[in-house]
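Inside the fold
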Amino acid sequence: MSLTFEAKRNLWRSMLRIRRVQERIESEYLKDEMKTPVHLYIGQEAIATGVCAALRADDAINSNHRSHGHYLAKGGDLKAMMAELFCRSTGCSKGYGGSMHLVDVAHGNMGTSAIVGGGIPIGTGQGLAFQMQKLDRVSVVFFGDGAADEGTFYESLNFALLKKLPVVYVMENNGWAVCSPTNTRHCGDNVFHKGATDRLFSAKIDGNDPELVLETAQKAVERARRGEGPSFIECVTYRILGHAGCVSQDPKGYRDLAEIEAWRMRCPVCAYQAKLLAECALDAQALAEAETEISAEIDAAFAFARQSPLPTAADLHHNLFCE
Amino acid sequence: MSLTFEAKRNLWRSMLRIRRVQERIESEYLKDEMKTPVHLYIGQEAIATGVCAALRADDAINSNHRSHGHYLAKGGDLKAMMAELFCRSTGCSKGYGGSMHLVDVAHGNMGTSAIVGGGIPIGTGQGLAFQMQKLDRVSVVFFGDGAADEGTFYESLNFALLKKLPVVYVMENNGWAVCSPTNTRHCGDNVFHKGATDRLFSAKIDGNDPELVLETAQKAVERARRGEGPSFIECVTYRILGHAGCVSQDPKGYRDLAEIEAWRMRCPVCAYQAKLLAECALDAQALAEAETEISAEIDAAFAFARQSPLPTAADLHHNLFCE
Amino acid sequence: MPWSRIKPDTNEPEFLSQDMHGSATRGLAASEPDFQRGGPTGRRISYGEATNEALSQALSLDPRVFVMGQGVDDPSGMFGATKNLHLTYGRERVFDTPLAETALSGIAVGAALGGMRPVYFHNRPDFLLLAMDQLVNHAAKWHYMFGGAASVPLVFWACVGRGWGSAAQHSQALQGLFMHVPGLKLVMPSTCYDAKGLMLAAIADNNPVLIIDHRMNFKQRGIVPEEPYTVPLGKGVIRRNGRDVTVVAVSHLVTEAFLAAQELAGEGIEAEIIDPRTLRPLDEELILSSVARTGRLVVCDTGWKTGGVTAEIAALVAEKGFGSLRAPIARVANPDLPTPAGYTLEQAYYIGKDDIRRAIVNTVRGQEA
Amino acid sequence: MPWSRIKPDTNEPEFLSQDMHGSATRGLAASEPDFQRGGPTGRRISYGEATNEALSQALSLDPRVFVMGQGVDDPSGMFGATKNLHLTYGRERVFDTPLAETALSGIAVGAALGGMRPVYFHNRPDFLLLAMDQLVNHAAKWHYMFGGAASVPLVFWACVGRGWGSAAQHSQALQGLFMHVPGLKLVMPSTCYDAKGLMLAAIADNNPVLIIDHRMNFKQRGIVPEEPYTVPLGKGVIRRNGRDVTVVAVSHLVTEAFLAAQELAGEGIEAEIIDPRTLRPLDEELILSSVARTGRLVVCDTGWKTGGVTAEIAALVAEKGFGSLRAPIARVANPDLPTPAGYTLEQAYYIGKDDIRRAIVNTVRGQEA
Ligand SMILES: Cc1ncc(C[n+]2csc(CCOP(=O)(O)OP(=O)(O)O)c2C)c(N)n1
Ligand SMILES: Cc1ncc(C[n+]2csc(CCOP(=O)(O)OP(=O)(O)O)c2C)c(N)n1
Ligand SMILES: [Mg+2]
Ligand SMILES: [Mg+2]
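Here the structure is a predicted model, which is why all the values come from computation and not from measurement.

The rules behind each value
Residues numbered from 1 in each chain as written. Chains lettered and ligands numbered in written order. Predicted model: local features only at pLDDT ≥ 70, side-chain atom pairs only at ≥ 80, totals over all residues. Heavy atoms only, no water. Near = heavy atom within 4 Å. Polar contact = N/O pair within 3.5 Å; in protein donor to acceptor, adjacent residues only side chain to side chain. Areas by Shrake-Rupley, 256 points an atom, 1.4 Å probe, with all protein chains shown as cover. Nonpolar A, V, L, I, M, F, W, Y, C, P; charged D, E, K, R; others polar. Helix = DSSP H or I, 4+ residues; strand = E, 2+ residues; numbered from the N terminus. Least-squares fit on C-alpha atoms with pLDDT ≥ 70 in both. Contact = heavy atoms within 4.5 Å. Axes fitted to C-alpha atoms, helices over the stretch in contact; angles between N-to-C directions. Parallel < 35°, antiparallel > 145°, perpendicular 65-115°, else oblique. Left-handed = near helix turned anticlockwise from the far one by under 90°. Domains from an automatic or database assignment. Buried area = accessible area lost by both parts, 1.4 Å probe. Salt bridge = Lys/Arg side-chain N within 4 Å of Asp/Glu carboxyl O. Donors = N, O, S within 2.8 Å, 3.2 Å for Na, K, Ca; no water. Buried < 20%, exposed > 50% of the residue type's maximum accessible area, 1.4 Å probe, protein only. Pairing = 2+ DSSP bridges.

Let's talk about the site of ligand 2
Near ligand 2 you find 21 residues, and of these B:H65, B:R66, B:G146, B:N174 and C:E101 are the closest. Neighbouring residues of ligand 2 are not confined to a single chain but are spread across chains B and C. B:R66 places a side-chain nitrogen or oxygen 2.7 Å from an oxygen atom of ligand 2. Between ligand 2 and the protein, one listed contact pairs an oxygen atom with a side-chain N or O atom of B:N174 at 2.7 Å. For ligand 2, whose free accessible area comes to 580 Å², the fraction covered by protein is 95%. A per-class count over the shell around ligand 2 returns ten nonpolar, seven polar and four charged.

Things to note about unusual backbone geometry
Between C:R280 and C:P281 the backbone carries a cis peptide bond, its omega angle lying at -5°. On the secondary structure map, C:P281 appears in the loop between β15 (278–280) and α9 (284–294). With a phi close to 70°, A:N319 is a non-glycine residue in the positive phi region. Positionally, A:N319 belongs in the segment after α11 (284–307). If you check the backbone angles, D:W164 has positive phi at about 65° while not being a glycine.

Structural notes on the relation of the copies chain A and chain B
You can overlay chain A on chain B at an RMSD of 0.0 Å; the transform is a turn of 180° with a shift of 0.0 Å along its axis. The operation mapping one copy onto its partner corresponds to a two-fold rotation axis. Same-surface contact between copies: 100% of interface residues of chain A are shared with the interface of chain B.

Things to note about the packing of helix α1 (residues 5–28) of chain B against helix α11 (residues 284–307) of chain B
Residue and element names in this part refer to chain B. Interaxial distance between α1 and α11 falls to 10 Å at its minimum, and their mutual angle equals 45°. On the basis of the axis angle, α1 is oblique to α11. Considering how the two elements wind past one another, α1 and α11 form a crossing that is right-handed. Within the contact between the two elements, α1 uses W12, R13, L16, R17, R20, V21, R24, I25 and E28 and α11 uses A286, L287, A290, E291, E293, I294, S295, E297, I298, D299, F302 and R306. Counted by class, the contact of α1 with α11 contains ten nonpolar, one polar and ten charged residues.

Structural notes on the site of ligand 1
The immediate surroundings of ligand 1 are formed by 21 residues, with A:H65, A:R66, A:G146, A:N174 and D:E101 found nearest. Positioned at a junction of chains, ligand 1 has nearby residues supplied by chains A and D. Within the backbone of A:G146, a nitrogen or oxygen atom sits 2.8 Å from an oxygen atom of ligand 1. Note that a nitrogen atom of ligand 1 is positioned 3.2 Å from one of the side-chain N or O atoms of D:H170. When isolated, ligand 1 has an accessible area of 580 Å², and the protein chains bury 95% of it. For the shell around ligand 1, the per-class residue count stands at ten nonpolar, seven polar and four charged.

Brief notes about the domain arrangement of chain C
Accessible area lost upon the coming together of the parts is a frequently used measure of interface size. All names here are of chain C. For chain C, the assigned domains are domain 1 (3–230) and domain 2 (237–362). Computed from C-alpha coordinates alone, the two centres of domain 1 and domain 2 are separated by 24 Å. Taken together, the 38 residues of domain 1 in the interface contact 33 residues of domain 2. Contact between domain 1 and domain 2 buries roughly 2900 Å² in total, counting both sides, with carbon and sulfur atoms accounting for 56%. The largest contributions to the domain 1 side of the interface with domain 2 come from R162, M179 and M188, which together make up 21% of the buried area. In this assembly, domain 1 and domain 2 are joined by two salt bridges. The closest approach of N and O atoms between D194 and R239, which form a salt bridge, is 2.7 Å. Summed over the shared surface of domain 1 and domain 2, the number is 13 residue pairs in polar contact (both at pLDDT 80 or more).

Some remarks on the coordination of the magnesium ion (ligand 4)
All names here are of chain B. Taken together, D145 (OD), N174 (OD1) and W176 (O) make up the full set of protein donors to the magnesium ion (ligand 4), lying 2.1 Å away. Donor residues for the magnesium ion (ligand 4), ordered by position in the chain, follow D-x28-N-x1-W. Accessibility assignment for this pair places N174 and W176 in one class, buried.

Some remarks on the interface of chain D and chain C
Facing 48 residues of chain D, the contacting portion of chain C comprises 48 residues. Overall, the association of chain D and chain C removes approximately 4500 Å² of surface from exposure, summing both partners, and the carbon and sulfur fraction of that is 64%. Our enumeration of links across chain D and chain C arrives at eight salt bridges. Ionic pairing is found between C:R331 and D:E312, a salt bridge with its closest N-O pair at 3.0 Å. The tally of links between chain D and chain C comes to 24 residue pairs in polar contact (both at pLDDT 80 or more). Breaking the side of chain D that touches chain C down by element, the ones donating at least two residues are α5 (132–145), α6 (175–178), α10 (309–320) and β17 (330–334) of chain D. No other element matches the nine residues that α5(D) contributes to the side of chain D that touches chain C.

Some words on the sheet that holds strand β1 (residues 60–62) of chain A
Residue and element names in this part refer to chain A. Read across the sheet, five strands follow the order β1-β2-β3-β7-β6 without closing on themselves; strand pairing throughout is parallel. Both edges of this open sheet fall to β1 and β6 (201–206), since each of them pairs with a single strand only. Each strand axis lies, on average, 15° off the axis of its neighbour in the sheet, ignoring direction. The sheet contacts of helix α2 (residues 45–53) involve β1, β2 (139–144), β3 (167–173) and β7 (231–236), and relative to β2 the element is tilted by about 170°.

Focus on the environment of C:I356
Residues and elements named next belong to chain C. Within the secondary structure, I356 sits in helix α12 (residues 353–365). In this structure I356 comes out as buried when scored by relative accessible area, which is 0%. Note: C-alpha distance between I356 and A260 (96 residues apart in sequence) is 6.7 Å. Not counting chain neighbours up to four residues away, the residues in contact with I356 comprise V247, L253, E256, A257, A260, C300 and V332.

Structure below.
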């Protein structure tokens, strides 16, 4: 794939930003100010980044409990996200949603479900809406290997195929669902890969390679825009930290340390940074500048969140119904 | 497949018996004595017959709303079935179930669900129970092409593959779900056929050929008994009558008359009878005898049902809970 | 099926229906139609036709509206409710679906988020049990969970399948479950007029609305204006005035209660019949002020007794209207059992006019213990 | 997570617990153990340990019993309830599952029909919404629908996830839904003793039983006999005697109600605290006879108010205990809203001791309207 240096730097910067935000959350989590369960995206940054780079602002994404990366890559405001994690009124969901329920209507993120698999049909329905309105918008659904256990995945994909909906299904196979490895839940590759080659564009790719993710997503998105129907992209990756919370809260013993170590060595952010440095798409100065900018942005977002007002009892009964 | 003449005659006789029972129900339905929705099996007899011929008495079957054929082929008592259709206390479900909820514990038919797809996980669970008890019993699940729309099918098959359960999934693809043709509900062949060839024994066969059904089912059943896991057999067939009730109640216009006529010409009972006559596995006398016997059995069953007592208000509160 | 003639086609009773043409009703068409000012103008049409007309008008008034569901384009068209709509509006806007109630419900949610206004016909409430996750975990919570940032305007519809020997899995009246769910509006019409007006109101509403209808209603014919109009959600109506006892009844039991009340008028008991029309939001005010006058309450529902609609309405009055209560509250509901198939058992199972009558008499005259 | 310390580890109150060692409790082991005759003999263990012990004993006593569920073999073992069971009994009898709650629930039903006694840990009640079809349309109806020919002995378990900022989809207390379903037994323990005894009773029962537990319970420690024993389903218990008002509370609200009652004793109000322990079958007799003595009722539930558990218990008394009622029934339940995530909103949302106290005072002294 021939990307401009600028495009490459954008990919890298998006990944780096997601990484640094996640790290900061992790490092501050024990302070007990973010009273909401966080599911960190460390190790998976290339996926959200690569896919969202293939999208327009008005395309939709649908995410899950592990949503920080998707939200940010799609253009979400960091301040509004951090305020949500601090459960403030200035949060993207005004403190009603918390970490698992981010929303960003302006960028096509119409709200995030923490029911595993729950977002798959919803993202499919958004694709249906775009098709019915004769828009060329595309709906992307991000979900985990755990969500692919759920029957809604099969039902949704069947419907998307039937109607040729502009939906791209992105499965982030990070090998685990909480403490359950994929092989205690699936038996071999997903049946859609080989079972629907006549109807479905499907690919199983290295999810740690942002350029490959972008390239594959672009094919899928173009196909969707042309009205040729859905795609299914399985991105192989790894959840480097624990399922939820910060590192010190991760229960020990369910994963092989060697497995974690091997994937740490394949860190998508470090690897891509090294690649761009080697290609001279990036130099030490740009790197340092980016780190400084990101760090300042994060500081500002945390400060914004901390200074923002908390919702009060008087807010409790708002918004049950839409007028 | 080399079947003895006797085995062939048994297949034929089972099919003929199911057919004649269905016809009798159809012809008497307007009398309004059977106050329960009937879903007739005419046109699909070779499937229940062929599959059940591959089973032992202690193997389990799980059926659906269109269950008369499965119930009878698995050894179910015609009297108890007809009494159930007449909603009598002597019915297999004592009049609480009606036509859609047949049960026959003695022959491994532990009860029938009329929720489309509802029986698929239940039959899977029976397979799990057999495996956990280290029995070599097999669980067969009969379901329609409509049920294959449901996510429980995917979830169940995934689990059966994972645990190598002794379950045979028999999909009766009769082209329709009520008034909806398959192609308004599915997009092409089921993904399991080609998507899981490494894990699953699957076959798409002519469901109107009882010998082929038997042969395929035998392979699947033997595989299950050997602990090698589940199979998926798609039997292509046709529902010659309407979805429910008798012919005069069938709404007109949703199916092509030519389509119905073409499948009538491929009637599994007539075709197999003709084949056996041609092979001299059957002669006119045996045929006449069988018709007479079956007709007498049906008369007796209808008489039994009509003479049986009706449940009364005093029975209403029985059996909510099992002691 | 012949034995499906559980109730002959019949004109619905001439209810008092104060509200029918009153202020609570709102015309949808630009010029306020006649029926708003004067007496009833409209044709006598069937319940299915009334529902169908509402759908048809919604489809023609709002390009965002579409109708989906397993069988909506069948020759029978969901008891007539969706009949032939696909011919007028095309299969892109009125379409059949796979039997995949879980995902299709989520697809409806997503379509709503994407700017459409789906109307999903689920046929029987029994099948809604497959849609619970999307309905309860998603649709009902979406607006609140995101602090109001997004909304899910959709209508789910299902029709209770009483009779036919439908048995345990095809006859459930599950409003008792859905009444418990915050964020969901729950509608149960009882007249042809309301079937149309409530459907149009539900489609116009910006929230998830579940309409639970009833096979028995579809046997009715009633006066229905031709113009589009809405009946407001959350407003009940008094179907008959009476001083001795308040009878709250839903869906087709409104008619049964009305008939019981007419019989009892001859015996000196005057029952006030309230049709809440929507169970959520519930018109608490209407019920409480009626009980304040009558001092007695009988609640009738087509669902199970324990933990159902009758429980909530009884509890409401025991909590907020206790001071006016002069007798134990009576609940008339189906027994706490799955529905049996057999017709003799069905007869013992289902409640109707006589059960309501008995409960009224006991409540007014005192029970023989 | 640190902020999950919503309630410190604590000994449960010393309830009256008449029944704890009374006739209603039945020893499971061959020889009747000591605790049946004498005073409390047992160790003080945590709630998780008590549940774990029940599962372990069931697994060792009955080869048909098995434990399944997403995460049952996790290091944390479902709040400790299933911890390490797979090490003792093997992964064939204690196994992790795919995230496929709909089918896995049906698989449990099928396994029960095939001769096993599954115990399916569903983690949060929220996920049970995916299991509704199998639970309500299948498990709950199976015995009745086939005239008693087959039965479905299974236990579903789920634990309400209050706190943690769990928000709308991970904190629901959905007993109000399940209480409406005939054919399902519904259990909500509140003490360590009952957690063990009710689990063993549920597993021994030949019907589908749903146990809804609560995170807050898992902070408790209490006296639990080592031997296997059952606490009968359908029998409630008086946790505290009082003459002025009957307070029915479920799950961890039993403790909250008890603490409120202790405070009020100093102010001259004696509240009787009833713990129904099972909501279906409900010990109506116990509640009605208490109200007959006190003339007043406060009902407390961890779920939503409208159409929930408090509705049914209030309606029951308004119907069958009206004659003894001297004040409006009060209901203390969560507001009719999805659970908000933010801790300041959570604080406003959840009910506890003070809300119960207020309701008791109002009920006994009369409300300031
Ligand atoms: C329907 C449902 N079941 C169970 C859970 C509990 N749960 C939350 S996240 C999770 C694991 C999901 O795994 P996966 O989809 O692979 O996403 P990952 O966490 O690996 O990113 C589980 C089991 C849930 N939220 N929803
Ligand atoms: C979950 C559910 N959805 C809808 C129905 C209504 N229904 C009953 S039978 C049927 C068609 C089933 O088609 P298929 O599985 O192909 O079986 P067939 O009738 O063709 O034998 C439908 C939609 C139902 N019983 N259950
Ligand atoms: Mg994963
Ligand atoms: Mg079919």
